[in-house]
Structures are given as C-alpha cells and as structure tokens.
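Analysis of the macromolecular model
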Amino acid sequence: IVDTTLCSASHERKQLAFRFLEHAVPLLRADQISAAMSPSLLKMLINNLVYPDSFHSAAAKQLCHSLAGFVRSCSESDRQLAVLMALLHKPGTIHFDSVTKTQTVASLVGGLNADAVLEYTTWLKKVFLTGTDSDEEIKED
C-alpha cells in the first residue's frame, strides 16, 4: 500500500508515507521493518534529505530522528539492525550520511545494543574485505 498508493502520489500522500513509517516501525517485527522500508520509500527519503529545499525535507528529517529514537529505545538487536540495514542496503548506501549530509546512520549506530553492534561490525568487516558496498555480493550468515 505504501509503495503503490503513497510513494507515487501527491505531496500529501508522500507526507503520509513518512508519517506512516514513523508510527509503524515501533510496532513491527524485523522482517516487517525491512518490508515497510521499501525501495520506493527509501528513494523518496534519500531524495528529500539530499535536497534541503525539497517539499518533504522536514518530514524526511523527522523520520530519521524518529528512527534513531526507536533504535535507542528498542532492546531487540534484530529490529535495530533491520532499521540500520534498510538505510545501508540498496537503494540506500553505506555512504548514507555523506550522501544525505545527515548524521542518521551515526545516530542509529550510537543507539545499537551490544549484540547489534557485534553483528554490524561483522557486516562491516565483510564489506571491507570484499571491497564493495553492495550487499548483493555479501551474503549474511
């Protein structure tokens, strides 16, 4: 519904997509978070963060702030990582903060619990050792 109805429609519906995700993420399981943070929504998020004069820039920043708050308050590493990895995997990028000129990933990483940090650093090692930031070439164990 978010992809087909909200992300490809009017400004009001795109705004609603950001608000929907902001309120839905805390209620979702890890696999549902990954699905809710769809490629269309992530492209829309990145575009609105990259261009600060865009119509939805404030809503995009608010969503990132809410996601960071969720990660800080969540005790389940799989849900924390689902949010973080959604931003780092395509259409996102490992360079998310640099591209968007935000501290979103840094804030998310700062809120991870010990188990999530361990899994994240394992993933980063794989990225470093394979020399790619494309998760398609890195299969998670």
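In what follows, the accompanying structure is described.

Observations regarding the overall build of the protein
Counting its secondary structure elements, the protein contains nine helices and zero strands. Along the protein, helices (α) and strands (β) appear in the sequence α-α-α-α-α-α-α-α-α when read from the amino end. Expressed as a percentage of its 141 residues, the buried residues of the protein come to 46%. Of all intrachain contacts in the protein linking residues separated by at least 6 positions in sequence, the fraction that spans at least 24 positions is 63%.

Thoughts on the environment of Lys101
Along the chain, the position of Lys101 falls in the loop between helix H7 (96-100) and helix H8 (104-110). Looking at Lys101, the relative accessible area reads 71%, which means it is exposed.

Comments concerning helix H9 (residues 114-130)
Between its terminal C-alpha atoms H9 stretches 24 Å, which fits the 24 Å expected from 17 residues at 1.5 Å a residue. Turning to H9, its buried residues number three or more, namely Ala116, Tyr120, Trp123, Lys126 and Val127. Burial along H9 is one-sided: seen end-on, the buried residues are contained in an arc of 115 degrees. The exposed set on the far side of H9, more than 90 degrees from its buried face, consists of Ala114, Asp115, Leu118, Lys125, Phe128 and Leu129. Buried-residue contacts for H9 involve helix H6 (77-88) and H8. The opening residue of H9, the one whose side-chain oxygen lies 3.2 Å from the backbone nitrogen of Asp115, is Asn113.

Brief notes about unusual backbone geometry
Put simply, Lys90 and Pro91 share a cis peptide bond, and its omega is 5 degrees. The backbone phi angle of Lys101 is positive, close to 55 degrees, even though this residue is not glycine.

Focus on the packing of aromatic side chains
Under the counting rule described, the total for this entry stands at one aromatic pair. Judged by centre distance (6.2 Å) and plane angle (20 degrees), the rings of Tyr120 and Trp123 are stacked. With a gap of three residues between them, Tyr120 and Trp123 both fall in helix H9, about one helical turn apart. We classify Tyr120 as buried; its relative accessible area is 10%.

What to know about the packing of helix H4 (residues 39-50) against helix H5 (residues 57-73)
With their axes 8 Å apart at the nearest point, H4 and H5 run at an angle of 115 degrees to one another. Accordingly, the angle class assigned to the pair H4 and H5 is roughly perpendicular. By crossing handedness, the relation of H4 to H5 is classed as left-handed. Counted together, Leu41, Leu45, Asn48 and Leu49 of H4 and Ser57, Ala60, Lys61, Leu63 and Cys64 of H5 form the full contact between these two elements.

Things to note about the nonpolar core
Among the nonpolar cores identified, the biggest contains 41 residues, and Ile33, Met37, Leu45, Val83, Leu84, Leu108 and Tyr120 are the most heavily contacted of them. Secondary-structure elements contributing two or more residues to this core are helix H2 (11-24), helix H3 (30-36), H4, H5, H6, H8 and H9. Look past the residues within four positions of Leu45 in its chain and what remains in contact with it is Phe18, Ala60, Leu63, Cys64, Leu87 and Phe96.

What counts, and where the lines are drawn
- Residues numbered from 1 in each chain as written.
- Predicted model: local features only at pLDDT ≥ 70, side-chain atom pairs only at ≥ 80, totals over all residues.
- Heavy atoms only, no water.
- Helix = DSSP H or I, 4+ residues; strand = E, 2+ residues; numbered from the N terminus.
- Buried < 20%, exposed > 50% of the residue type's maximum accessible area, 1.4 Å probe, protein only.
- Contact = heavy atoms within 4.5 Å.
- Expected span 1.5 Å × (residues − 1).
- Arc of directions from axis to C-beta.
- Polar contact = N/O pair within 3.5 Å; in protein donor to acceptor, adjacent residues only side chain to side chain.
- Phe/Tyr/Trp six-rings, centres within 6.5 Å; stacked < 30°, edge-to-face > 60°.
- Axes fitted to C-alpha atoms, helices over the stretch in contact; angles between N-to-C directions.
- Parallel < 35°, antiparallel > 145°, perpendicular 65-115°, else oblique.
- Left-handed = near helix turned anticlockwise from the far one by under 90°.
- Core = buried A, V, L, I, M, F, W, Y, C linked by side-chain atoms within 4.5 Å.

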